[in-house]
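# Structure assessment
What follows is each chain in one-letter form.
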Amino acid sequence: MDHGGSGQPVLLLHGGLAHARWWDFVVPHLGPGIHALALDLRGHGDSGWAPDGAYRIADYARDVGRAIAALGLERPALVGHSLGSFVALRYAVDHPRDLAAVVVVDGRASFGESGSRYMKLLGMFWAVPYPTLEEAVARFQPLPKDTIAAPEVIAYVARHGFRCDGGRWTTKFDRASLGGHEPFDLKSRLGDLECPVLCVRGERSVVLRSQSAKALVAACRAGTLVEVAGAYHHVLIDRPDVVGQEIGAFLRRAADRRVAGDANA
């Protein structure tokens, strides 16, 4: 989804089981000088499902590269939440000189065996169909379920996450995508990144612990950590105002430093 704006192109990558519209509440707070585009990752939202079940982080990252090329974006910034942060970091370490900045929103640079087994187990459960969209929205809970998001925000992202199939409403995401979460560890490659990296952590997140967030930014050449008070893992809907303001300010600082560096070169 192209949110418009002019200046630094920014690709917004949502989390697992989610979709591009989760960013709708963040974008208005990004401020000037930013052209925001939110993508539906393969198997999520309105994107097609992978017929061969190819849902590895590398598969998503290649899709991001295709989107950058198709849209003609020059030195974009990547902003990812949870799964989207895995994808952003994977693309970044594979293309360490091609990005203006990377923002990791409550995400990590590694994913372990236990997490992989848990996600594969979740993928084995059938999607629950609902007779009406209203009931589907009323039953919706994010995963993890802890959130301080306003009820109308929860209802909004839920409403955009269901589709009608044969008269019944089911989630848009492909449950096979849960089985594609293979273990990985990118920590040793973070030092290769030539662009600045911002890590935004929800203060109450149990997905990204404080120590892990500090280790992530320390591994980068130019890493910055921001904690959002009171927020959980779904920080982008818990406090979209703070998240948008922090990301926007960070991207403008990165652009200013880049211009100053070019002038001194």
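Heads up: the structure comes first, above all this text.
Residues numbered from 1 in each chain as written. Predicted model: local features only at pLDDT ≥ 70, side-chain atom pairs only at ≥ 80, totals over all residues. Heavy atoms only, no water.

### With respect to helix α5 (residues 151-159)
In an α-helix, one turn spans 3.6 residues, which is why side chains three or four residues apart end up on the same side. Residues of α5 that are buried: V153, I154, V157 and A158. Down the axis of α5, the sector holding all buried residues measures 135°, keeping them to one side. Relative to its buried face, α5 has exposed residues pointing more than 90 degrees away, namely P151 and E152. Packing partners of the buried residues in α5 comprise α4 (133-139), β6 (162-165) and α7 (235-238). (Buried < 20%, exposed > 50% of the residue type's maximum accessible area, 1.4 Å probe, protein only. Helix = DSSP H or I, 4+ residues; strand = E, 2+ residues; numbered from the N terminus. Arc of directions from axis to C-beta. Contact = heavy atoms within 4.5 Å.)

### Things to note about the nonpolar core
Counting residues in hydrophobic clusters, the biggest one holds 40 residues, and the most contacted among them are L11, V64, V102, L190 and L216. Elements supplying a minimum of two residues to this core: β1 (8-13), β2 (34-39), α1 (57-71), α2 (83-94), β4 (101-105), β9 (197-202) and α6 (210-219). A total of eight residues in this core trace back to one element, the largest contributor, which is α2. Counting residues in each nonpolar core, the second largest holds 34 residues, with W23, A36, A77 and L198 among its members. (Core = buried A, V, L, I, M, F, W, Y, C linked by side-chain atoms within 4.5 Å.)

### Looking at the pairing of strand β3 (residues 77-81)
Of all five residues that make up β3, five are buried, and the element is covered over most of its length. The two faces of β3 match: A77, V79 and H81 on one face and L78 and G80 on the other face are all buried. As paired strands, β1 and β3 are joined by four bridges and run parallel to one another. Its bridge partner being in β3, L11 is matched across the sheet by L78. The pairing of β3 with β4 spans five bridges and is parallel. For H81, the partnering residue across the bridge sits in β4 and is V105. Of the crossover connections in this fold, the one passing from β3 over α2 to the parallel β4 is right-handed. (Pairing = 2+ DSSP bridges. Right-handed = clockwise from strand over helix to strand, strands pointing away.)

### Observations regarding the pairing of strand β10 (residues 223-228)
Working note: regular strand, side chains alternate between the two faces of the sheet. Bridge count between β9 and β10: six bridges; the pairing is parallel. Following the sheet pairing, V197 is matched in β10 by G223. Between β9 and its parallel partner β10, the chain crosses via α6, and the hand of that crossover is right-handed.

### Digging into the side chain of H81
The topology assignment puts H81 in strand β3. Not counting chain neighbours up to four residues away, the residues in contact with H81 comprise L13, H14, G15, W23, V105, D106, H233, H234 and L236.

### A short note on the environment of F111
As for its placement among the helices and strands, F111 is situated in strand β5 (residues 110-111). Taking the C-alpha atoms as reference points, F111 and V206, 95 residues apart in sequence, are found 14 Å from one another.

### Side note on the packing of α1 against α2
Any two packed helices are characterised by the angle at which their axes cross and by the distance between the axes. Closest axis-to-axis distance for the α1/α2 pair is 8 Å, and the angle between their directions is 70°. Relative to α2, α1 is oriented roughly perpendicular. Handedness of the crossing formed by α1 with α2: right-handed. On α2, the residues that touch I57, A58, Y60, A61, V64, G65 and I68 of α1 are L83, F86, V87, R90 and Y91. Its residues assigned to classes, the contact of α1 with α2 comprises ten nonpolar, one polar and one charged. (Axes fitted to C-alpha atoms, helices over the stretch in contact; angles between N-to-C directions. Parallel < 35°, antiparallel > 145°, perpendicular 65-115°, else oblique. Left-handed = near helix turned anticlockwise from the far one by under 90°. Nonpolar A, V, L, I, M, F, W, Y, C, P; charged D, E, K, R; others polar.)

### Overview of the sheet that holds β9
Read from one edge of the open sheet, six strands run β2-β1-β3-β4-β9-β10, paired in parallel fashion. Edge strands, defined here as strands with exactly one partner in the open sheet, are β2 and β10. On average, each strand axis in the sheet is inclined to that of its neighbour by 15°, with strand direction left out of account. The pairing of β1 with β2 spans six bridges and is parallel. Opposite L11, over in β2, you have L37 as the bridge partner. Helix-sheet contacts for α6 involve β4, β9 and β10, and the interaxial angle to β10 is about 155°.

### Focus on the packing of aromatic side chains
According to the stated counting rule, one finds six aromatic pairs in the structure shown. Look at F25 and Y156: their rings are 5.0 Å apart centre to centre, the planes differ by 80°, and that puts the pair in the edge-to-face class. Residue F25 is located in the loop between β1 and β2, and its partner Y156 is located in helix α5; the two are separated by 131 residues in the primary sequence. When its relative accessible area of 26% is taken as the criterion, Y156 is described as partly exposed. Residues F86 and F111 carry aromatic rings whose centres are separated by 5.6 Å and whose planes lie at 55° to one another, so their mutual orientation is tilted. Of the two residues, F86 is situated in helix α2 and F111 in strand β5; the sequence distance between them amounts to 25 residues. Per residue, the accessibility class of F86 equals that of F111, and both read buried. (Phe/Tyr/Trp six-rings, centres within 6.5 Å; stacked < 30°, edge-to-face > 60°.)

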